[in-house]
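Notes for the structure review
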Amino acid sequence: MSSIYNVKFSNGLEIPSLGLGTYKEEKEDVLVDAVKAAIKCGYRHFDCAHIYFNEQHIGKAIRDAIAESNGALKREDFFITSKCWNTYHSREKVHLCLDQILERLGLEYLDLYLMHWPMGFKEDAGDYPLGENGKMIPSDVHYLDTYKAMEECVRNGKTKSIGVSNFNIKQLEDVMSKSEIKPVCNQFEVNPLFQNSELIEFCQKNNIVVVAYAPLGAPDRAWLKTEDPVPLQHPIVLNLAKKYQKTPAQIILRWLLQRNVVVIPKSVNPSRIEENSKLFDFTLSSEDVAEFKNFKEQFRFYKFEVADNHQFYPFN
């Protein structure tokens, strides 16, 4: 059994340092098996989102695992994150989104409710309301108003903590200075080819836990181009994998853990899920951690360019 340690939030609650990302997989049997395999390897942290359309399967797997454990597992042993989608940014929709998430999961509360992006899209026009210009139609809701509504979700007990995702430094400063309940976390893309050091440093200085999505560079993304760089095949990573007798994925995930970053690698392959959990029996030397500074190329895998005309698009 792996010994996944927890990271403390500013509100005193804790998040496991390793979680399972669940984006994209919608087949029930595949996902239920993946979640159960993860639980068997010691995972308790599952990263979900309203827009992934698969939370009912994750909820089923967790409820089954609890029922089959003869009292060994309880709901409070798990850490479940989900995210408010961009077409649910108005106050009443923030609550509606969370209610739908909880209903799908079959749970009474979330451990962490995140604002998926700072950009609100036009509501009641589908999940991806495209305008004639081929870009998302924005709503006029400010992310600070969305965040205020999320604070109400903590007060009514439907989520224990709240945070944000894909927020830049200016947007974080905005939320921090105008909120009563501070964001405990910012989830954004971090991997060797997109190290995002300035944002990590800002978050950690301000007691905001960093959760890294696409830690391995999202190798199965739908928009993959053959010429895109691949972190898992980079010579620095391959050399370290050989030196430590670990897989390239384990080297990258360990590097992130040693930067005090929480990782949520995504997989539905039980042996890969297990492999990704074996991160706690070795440490990279400080010289080897420094090797990662030699990644000259920086490449953002998740650009969400279809929303890059939005006034709150975070990556400009």
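Preceding this paragraph is the structure being described.
Quick caveat, the model's predicted, so the values are computed rather than measured.

Thresholds, definitions, all that
- Residues numbered from 1 in each chain as written.
- Predicted model: local features only at pLDDT ≥ 70, side-chain atom pairs only at ≥ 80, totals over all residues.
- Heavy atoms only, no water.
- Core = buried A, V, L, I, M, F, W, Y, C linked by side-chain atoms within 4.5 Å.
- Buried < 20%, exposed > 50% of the residue type's maximum accessible area, 1.4 Å probe, protein only.
- Helix = DSSP H or I, 4+ residues; strand = E, 2+ residues; numbered from the N terminus.
- Contact = heavy atoms within 4.5 Å.
- Salt bridge = Lys/Arg side-chain N within 4 Å of Asp/Glu carboxyl O.
- Pairing = 2+ DSSP bridges.
- Right-handed = clockwise from strand over helix to strand, strands pointing away.
- 1 Å grid on protein atoms, 1.4 Å probe; cavity = no way out; pocket = protein on both sides within 12 Å on 5 of 7 lines; lining within 4 Å.
- Points joined across faces, edges and corners; volume = space filled by probe spheres on them.
- Nonpolar A, V, L, I, M, F, W, Y, C, P; charged D, E, K, R; others polar.
- Axes fitted to C-alpha atoms, helices over the stretch in contact; angles between N-to-C directions.

Ranked by size, the top nonpolar core spans 105 residues in total, and within it I15, F46, I80 and Y113 carry the most contacts. Tallying contributions element by element places helix α8 (residues 248–257) first for this core, with seven residues. Those residues in contact with F46 that lie beyond four places of it in its chain are L20, V35, A38, I39, I62, F78, F79, I80 and T81.

Before going further, it helps to spend a moment on the pattern of salt bridges. Evaluation of the coordinates by the stated rule reveals 17 salt bridges. For E68, the salt bridge goes to K36, with nearest N and O atoms at 3.5 Å. Placement of E68 in helix α2 (residues 55–68) and of K36 in helix α1 (residues 28–40) is noted, with a sequence separation of 32 residues between them. Looking at K36, the relative accessible area reads 27%, which means it is partly exposed. For D174, the salt bridge identified is with K178, shortest N-O distance 3.6 Å. Pair noted here: D174 and K178 are both in helix α5 (residues 169–178), with a separation of four residues, about one helical turn. Assessed through its relative accessible area of 14%, D174 is described here as buried.

This brings us to the pairing of strand β8 (residues 185–189). Taken across its five residues, β8 has five buried, putting it largely inside the fold. Examined bridge by bridge, strand β7 (residues 159–165) and β8 share two bridges and lie parallel to one another. Residue pairing in the sheet places V164 in a bridge with N186 of β8. Traced from β7 through α5 to β8, the parallel crossover comes out right-handed. In this sheet, strand β9 (residues 209–213) lies alongside β8 in parallel orientation, the contact comprising five bridges. Bridge pairing in β9 links E189 to Y213. Regarding topology, helix α6 (residues 197–205) serves as the crossover connection from β8 to the parallel β9, and that connection is right-handed.

On to empty space enclosed by the protein. According to the stated counting rule, one finds one cavity of 30 Å³ or more in the structure shown. Each pocket or cavity is described by its volume, and for the largest cavity that value is around 30 Å³. In this structure, the largest cavity is lined by L20, G21, T22, Y23, E25, L31, K266, S267 and V268. For the lining of the largest cavity, the residue count by class is four nonpolar, three polar and two charged.

There is about 1,200 Å³ of room inside the largest pocket. Mapped onto the lining of the largest pocket, the elements with two or more residues apiece are α8 and α9 (270–277). Sort the elements by how many residues they give to the lining of the largest pocket and α9 lands first, with three residues. Across the lining of the largest pocket, the residue classes break down as 24 nonpolar, 11 polar and 13 charged.

On to the sheet that holds strand β5 (residues 79–84). The eight strands are arranged β3-β4-β5-β6-β7-β8-β9-β10 in an open sheet whose pairing can be described as parallel. Only two strands of the sheet have a single partner each, and these edge strands are β3 (20–21) and β10 (262–263). As paired elements, β3 and strand β4 (residues 45–47) share two bridges and run parallel to each other. Within β4, the position partnered with L20 by the bridge is F46. With respect to the sheet, helix α3 (residues 91–105) is in contact with β5 and β6 (110–115), its orientation differing from that of β6 by roughly 140°.

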